[in-house]
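# Chains, contacts and geometry: an overview
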Amino acid sequence: MLAQVAVLVVVTWQVVTSAVGGAVVCGVALIPLALVAGWRSWQLSLGLRVS
């Protein structure tokens, strides 16, 4: 019984840490994309204001 609980805890921990790790990787990958998108929209808004 105790061994089953230990296995369940380990498996749950693995799933949680891999999910969190995946979220961190996605977040880090999205940061430059968000910066580039913000930069482009800022440039476009400046261009619209100038012309």
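Here's what I pulled together on the structure shown here. The shown structure was predicted, so the numbers you read here are calculated from the model rather than taken from an experiment. (Residues numbered from 1 in each chain as written. Predicted model: local features only at pLDDT ≥ 70, side-chain atom pairs only at ≥ 80, totals over all residues. Heavy atoms only, no water.)

### Describing the overall build of the protein
Of regular secondary structure, the protein possesses one helix and zero strands. Along the first, second and third principal axes, the C-alpha atoms of the protein reach 75 × 10 × 5 Å. Roughly 4,500 Å² of accessible area belongs to the protein as shown, and the carbon and sulfur atoms make up 82% of that amount. (Helix = DSSP H or I, 4+ residues; strand = E, 2+ residues; numbered from the N terminus. Areas by Shrake-Rupley, 256 points an atom, 1.4 Å probe, with all protein chains shown as cover.)

### Some points on the packing of aromatic side chains
All chains considered together, the criterion is met by one aromatic pair. Pairing Trp39 with Trp42 gives two aromatic rings, centres 5.2 Å apart and planes at 35°, and the pair type is tilted. Here Trp39 pairs with Trp42, and both are found in helix H1 (residues 2-50), just three residues apart, close to one helical turn. Residue Trp39 is classed as partly exposed on the basis of its relative accessible area of 47%. Looking at Trp42, the relative accessible area reads 44%, which means it is partly exposed. (Phe/Tyr/Trp six-rings, centres within 6.5 Å; stacked < 30°, edge-to-face > 60°. Buried < 20%, exposed > 50% of the residue type's maximum accessible area, 1.4 Å probe, protein only.)

### Examining a nonpolar patch on the surface
A surface patch of nonpolar side chains, about 330 Å² in accessible area, is lined by Val16, Val20, Val24 and Val28. With respect to the helices, strands and loops of the structure, Val20 is situated in helix H1. A residue is classified by how much of its surface remains accessible, and Val20, at 48% relative accessible area, is partly exposed. (Patch = residues over 30% accessible without salt bridge, like charges linked within 9 Å, V, L, I, M, F, W, Y side chains within 5 Å. Salt bridge = Lys/Arg side-chain N within 4 Å of Asp/Glu carboxyl O.)

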